[in-house]
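Residues per chain are reported as follows:
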2 protein chains.
Amino acid sequence: MKKTELFENIKRKQSFLCVGLDTDRNKIPYHLWSDDDPVYAFNRAIIDTTAAYCIAYKLNLAFYESNGVKGWTSLKKTVDYIKTNYPDQFIIADAKRGDIGNTSIMYAHTFFNEMGVHSITVAPYMGEDSVMPFLSYEGKWTILLALTSNKGSNDFQLTEDVQGEHLYEKVLRISKNWGDDESMMYVVGATQGQLFETVRRIVPEHFLLVPGIGAQGGSLKDVCHYGMNNMCGLIVNSSRAIIYADSTEKFDVKAGGTAADIQKEMAFFLSKKGIF
Amino acid sequence: MKKTELFENIKRKQSFLCVGLDTDRNKIPYHLWSDDDPVYAFNRAIIDTTAAYCIAYKLNLAFYESNGVKGWTSLKKTVDYIKTNYPDQFIIADAKRGDIGNTSIMYAHTFFNEMGVHSITVAPYMGEDSVMPFLSYEGKWTILLALTSNKGSNDFQLTEDVQGEHLYEKVLRISKNWGDDESMMYVVGATQGQLFETVRRIVPEHFLLVPGIGAQGGSLKDVCHYGMNNMCGLIVNSSRAIIYADSTEKFDVKAGGTAADIQKEMAFFLSKKGIF
């Protein structure tokens, strides 16, 4: 998917919401447990009620891997379901992979060719040759961790070097030369507030994938204030607040309602920026 | 597995070799292709001929994930085969995972409970709360990336902060308080030569998992000279140089021979250090 397509989808839907399918088998409503593939049944229902309000789905690999072979099957079926029924949705494999070159080549092949997702999250610690294999796929996206939403982001990402540059800034500055804003995005946590200004000084044009609103406490208002650019430039994820909004048989309707509420807020911020 | 058990195995076998089962379906000898599960058949043969010369097996997840559901099955069967037939072998899932707390909990469960491996490699970029869930499993090991073997290790790991401390040193210094040398190891690439001295100043007692000899060009002599401690403290991995030593029907015999050669070298360095 190209950047302009993503922007068109955002304008058309007045939304830059990504729904995080962090589907935990143990948190699925009881009535689905008798299904052949409860995770897939749950995802399908969530997708059908939220697709009108979002422009992307993010699948967190950990939640699928934890079910072993069955989990991989649920993951693949979910990706195929989205691609068949909602082909305008941007699909993110939240895998946070990254390894020496020959290994990253295998990961890139798995996610882009076999799984068929549009993008994958990648960890920067191992540097350029661990990231480049992901960038060699035309039309696919590499989403590099820059400044994450969790408490531990303080431990290393905010380390200041001799030039006064924080590690996350260096990651942005160095890595933006590995690809461009048509092939790379960055993860910047919603909990980072004003630091979005610094991020935008280094990568004004790139899309940012923003986790951390909802359960993690980040503010959509701050994210938009400090992070939005003229093409929106934001994909804001919410996982638990949407998919576990309700645990009864009406879980999917409630999920759709929560997604619709977030979409309305997003429409307000897009309009304020003059984007539609 | 406890640290003392690992050390006993090293002394008994006069080896600190880890065989990396980076099994690429396309590099398997032709005569195995008709097998129901060629990757598993290949691994079994390699394990049978190398087990006498090594103390650990490392399975790189990328190579299994790339075969999707079939790959996960091959991986699980390989782990079970090692545990049943060679229960003294230390098994490493080379997964380089790391995510926010609730996600790392899922990964830890998958690898330690479901897959049943002894240890997993973890990326440090997201900090303490992304690593702690792996440390809560008694008798299991977290192997944190510190200074990797690839060229890209220069990009961020060698960044110097305002106190003159490199990022990899900070990762070692901060993270060693998260666990201890009975629950944590570190990845330090064989290509890093003299930097092992700095690593040893910060973590004198920890075991180091050392990739990068063989295909990547690191020197076993340098690693032992700068990195070995009184309990050896090294697990040195070789993948491609052993498992693809030969591509004929005798691939397993050749792999065993190559492993035996490395073991002899290792015995020499252990003896020089007075370890047996």
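For the structure, see preceding data.
Please read these numbers as outputs of a predicted model, since none were measured by experiment. Position labels on residues start from 1 in each chain and follow its written sequence. Each chain takes a letter, starting from A, and each ligand takes a number, starting from 1, following the order in which they are written. The predicted nature of this model means local features are confined to residues of pLDDT at least 70 and side-chain atom pairs, given and counted, to a pLDDT of 80 or more, with totals for whole chains, interfaces and linings taken over all residues.

### Some details on the overall build of chain A
- The helix count covers DSSP runs of H or I at least four residues long, the strand count covers runs of E at least two residues long, and both are numbered beginning at the N terminus. A tally of helices and strands in chain A yields 12 helices and eight strands.
- We compute the radius of gyration from the C-alpha atoms alone; for a globule the expected value is 2.2 Å times N to the 0.38, where N is the number of residues. Taking 276 residues into account, the globule formula puts the C-alpha radius of gyration at 19 Å, and chain A, at 18 Å, falls close to it.
- In terms of principal-axis extent, the alpha carbons of chain A reach across some 60 × 45 × 35 Å.
- Considering only contacts in chain A between residues 6 or more positions apart, those separated by 24 or more positions represent 71%. Two residues qualify as a contact pair if the distance between their C-beta atoms, derived from the backbone, is within 7 Å.

### Some points on the interface of chain A and chain B
- Counting residues at the interface gives 48 residues for chain A, matched by 48 residues for chain B.
- Of all the secondary-structure elements, those providing two or more residues to the side of chain A that touches chain B are α3 (61–65), α4 (68–85), α5 (101–114), α6 (128–135), α7 (153–156) and α8 (167–175) of chain A.
- Gly falls in the polar group here, along with every residue not listed as nonpolar (Ala, Val, Leu, Ile, Met, Phe, Trp, Tyr, Cys, Pro) or charged (Asp, Glu, Lys, Arg). Along the lines of polarity and charge, the residues of the side of chain A that touches chain B split into 17 nonpolar, 19 polar and 12 charged.

### Description of the relation of the copies chain A and chain B
- Mapping chain A onto chain B calls for a screw motion: a turn of 180 degrees about the axis and a shift of 0.0 Å along it, with 0.0 Å RMSD after fitting. The transformation just described matches what one would write down for a two-fold rotation axis. Proximity to the rotation axis, assessed at the C-alpha, singles out Asp161 of chain A in chain A; its C-alpha lies 1.8 Å from the axis.
- Of all interface residues in chain A, 100% are interface residues in chain B too; the two copies therefore contact each other through one and the same surface. The fit set for superposing copies consists of C-alpha atoms from residues with pLDDT of at least 70 in both; the fit itself is least squares.

### A word on the nonpolar core
- Think of a nonpolar core as buried Ala, Val, Leu, Ile, Met, Phe, Trp, Tyr and Cys residues, each tied to the set through C-beta atoms within 7 Å. Any residue with 12 or fewer other C-beta atoms within 10 Å of its own C-beta is exposed, any with 20 or more is buried, and the rest are partly exposed; the C-beta atoms used are placed from the backbone. By size, the foremost hydrophobic cluster in this structure holds 186 residues, and its most contacted members are Leu17, Ala146 and Val236 of chain A together with Leu17, Ala146 and Val236 of chain B.
- With residues near it in sequence (within four places) discarded, Leu17 of chain B still touches Tyr53, Cys54, Ile55, Val236, Ser238, Ala259, Ile262, Gln263 and Met266 of chain B.

### Examining the sheet that holds strand β5 (residues 141–147) of chain B
All names here are of chain B.
- When DSSP finds at least two bridges between two strands, those strands are taken to pair. With respect to topology, eight strands assemble into a closed barrel ordered β1-β2-β3-β4-β5-β6-β7-β8, the strand pairing being parallel. Looking at each pair of strands side by side, their axes are set apart by 30 degrees on average, direction ignored.
- Note that β5 and strand β6 (residues 184–188) share five bridges and pair parallel. Looking at β6, one finds that Ile143 is bridged to Met185.
- Only C-alpha atoms enter the line fits that serve as axes; for helices the fit covers just the stretch in contact. Angles between N-to-C directions range over 0 to 180 degrees. In the packing of helix α6 (residues 128–135) onto the sheet, the strands contacted are β4 (119–122) and β5, and the crossing angle to β5 comes to about 145 degrees.

### Focus on the pairing of strand β3 (residues 90–97) of chain B
Residue and element names in this part refer to chain B.
- For β3, the buried fraction is high: eight of the eight residues fall into the buried class.
- Taking every second residue as pointing to the same face, both faces of β3 are buried, with Phe90, Ile92, Asp94 and Lys96 on one and Ile91, Ala93, Ala95 and Arg97 on the other.
- Inspection of the sheet shows strand β2 (residues 56–60) paired to β3 by five bridges, in the parallel sense. Within the sheet, the bridge partner assigned to Leu59 lies in β3 and is Ala93.
- Bridge analysis of β3 against β4 gives three bridges, and the strand direction is parallel. Bridging across to β4, Arg97 finds its partner in Val122.
- Taking the sense of rotation as the criterion, the β-α-β connection linking β3, helix α5 (residues 101–115) and β4 turns out right-handed. Handedness of a crossover is defined as follows: with both strands directed away from the viewer, a clockwise route from the first strand across the helix to the second makes it right-handed.

### Points about unusual backbone geometry
Residues and elements named next belong to chain B.
- Non-glycine residue Gln14 carries a positive phi angle of around 50 degrees.
- You can call Gln14 partly exposed: it has 18 C-beta atoms within 10 Å.
- With phi around 75 degrees, Cys232 is a residue other than glycine that occupies positive phi space.
- Structurally, Cys232 can be placed in the loop between α10 (220–227) and β8 (234–238).
- Exposure remark for Cys232: the 25 C-beta atoms within 10 Å place this residue in the buried category.

### Regarding the pairing of strand β8 (residues 234–238) of chain A
All names here are of chain A.
- Among the five residues in β8, five count as buried, and that is most of the element.
- Residues Leu234, Val236 and Ser238 line one face of β8 and the alternating positions Ile235 and Asn237 line the opposite face, and both faces are buried.
- Relative to β8, strand β1 (residues 17–20) is paired through three bridges, and the arrangement is parallel. When the sheet's bridge partners are listed, Val19 is paired in β8 with Ser238.
- Bridge count between strand β7 (residues 207–210) and β8: three bridges; the pairing is parallel. Bridged to Val210 within β8 is Val236.
- What joins β7 to β8 is helix α10 (residues 220–227), and the crossover it makes is right-handed.

All we've got here are geometric facts, nothing functional implied.
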